[in-house]
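One letter stands for each residue in the lines below.
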Amino acid sequence: MPEDTEDMTFAAGTATSSDEQMAYDKARMAAERKLVEQMYARITTQTNSYRTDRGQVMVENFQQ
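Note that the structure is predicted; figures quoted are calculated from it, not measured.

Parameters and conventions
Residues numbered from 1 in each chain as written. Predicted model: local features only at pLDDT ≥ 70, side-chain atom pairs only at ≥ 80, totals over all residues. Heavy atoms only, no water. Helix = DSSP H or I, 4+ residues; strand = E, 2+ residues; numbered from the N terminus. Rg over C-alpha atoms; globule rule 2.2 N^0.38 Å. Contact = heavy atoms within 4.5 Å. Areas by Shrake-Rupley, 256 points an atom, 1.4 Å probe, with all protein chains shown as cover. Buried < 20%, exposed > 50% of the residue type's maximum accessible area, 1.4 Å probe, protein only. Salt bridge = Lys/Arg side-chain N within 4 Å of Asp/Glu carboxyl O. pLDDT = per-residue confidence, 0-100. Expected span 1.5 Å × (residues − 1). Polar contact = N/O pair within 3.5 Å; in protein donor to acceptor, adjacent residues only side chain to side chain.

**Comments concerning the overall build of the protein chain**
Line of reasoning, step 1. Looking only at helices and strands, the protein chain features one helix and two strands.
Line of reasoning, step 2. Reading the protein chain from its N terminus to its C terminus gives the helix and strand order α-β-β.
Line of reasoning, step 3. Here the C-alpha atoms of the protein chain give a radius of gyration of 19 Å, more than 25% beyond the 11 Å that 2.2 N^0.38 yields for 64 residues.
Line of reasoning, step 4. C-alpha extents for the protein chain along the principal axes are approximately 65 × 25 × 10 Å.
Line of reasoning, step 5. Within the protein chain, counting contacts between residues at least 6 apart in sequence, those at least 24 apart form 18% of the total.
Line of reasoning, step 6. A total accessible area of about 5,900 Å² is found for the protein chain, and carbon and sulfur atoms account for 51% of it.

Below you can see the structure in the form of structure tokens.
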């Protein structure tokens, strides 16, 4: 499998089934799940949210 770069991220999935197409579909879903988990972790670590109350107004700021 290729190494991840700044522009691309890779994941591999494996699965078994008596039906070849079902095994392919399950493996693809496993790989997609890994990608989603990796991207969520990156986004979470690169995003900060700040909330403050100023009287009757709540001010919310996001920083990436």
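**Examining the environment of G55**
Line of reasoning, step 1. With respect to the helices, strands and loops of the structure, G55 is situated in the loop between β1 (48–54) and β2 (57–63).
Line of reasoning, step 2. The exposure class assigned to G55 is exposed, which follows from its relative accessible area of 74%.
Line of reasoning, step 3. Separated by 35 residues in the primary sequence, G55 and E20 have C-alpha atoms spaced 62 Å apart.

**A few points about the pattern of salt bridges**
Line of reasoning, step 1. One pass over the full model with this rule turns up one salt bridge.
Line of reasoning, step 2. Here R28 and E32 are joined by a salt bridge, their closest N and O atoms 2.9 Å apart. Here E32 and R28 lie together in helix α1 (residues 20–45), a separation of four residues that amounts to about one turn.
Line of reasoning, step 3. Owing to a relative accessible area of 38%, E32 belongs among the partly exposed residues under this scheme.

**Quick look at the confidence of the model for the protein chain**
Line of reasoning, step 1. When pLDDT is averaged along the protein chain, the result is 86; 97% of the residues meet or exceed 70.
Line of reasoning, step 2. When mean pLDDT is taken per element in the protein chain, α1 scores highest with 90 and β2 scores lowest with 76.

**What about α1?**
Line of reasoning, step 1. For α1, spanning 26 residues, the distance from its first C-alpha to its last is 38 Å, which sits close to the expected 38 Å at 1.5 Å a residue.
Line of reasoning, step 2. Regarding α1, its N-cap is D19, as a side-chain oxygen of that residue lies 3.3 Å from the backbone nitrogen of Q21 further along.

**Regarding the environment of A12**
Line of reasoning, step 1. Tracing the chain through its elements places A12 in the segment before α1.
Line of reasoning, step 2. On the accessibility criterion, A12 (40% relative accessible area) is partly exposed.
Line of reasoning, step 3. Not counting residues within four places of it along the chain, the set of residues in contact with A12 comprises M1, A31 and K34.

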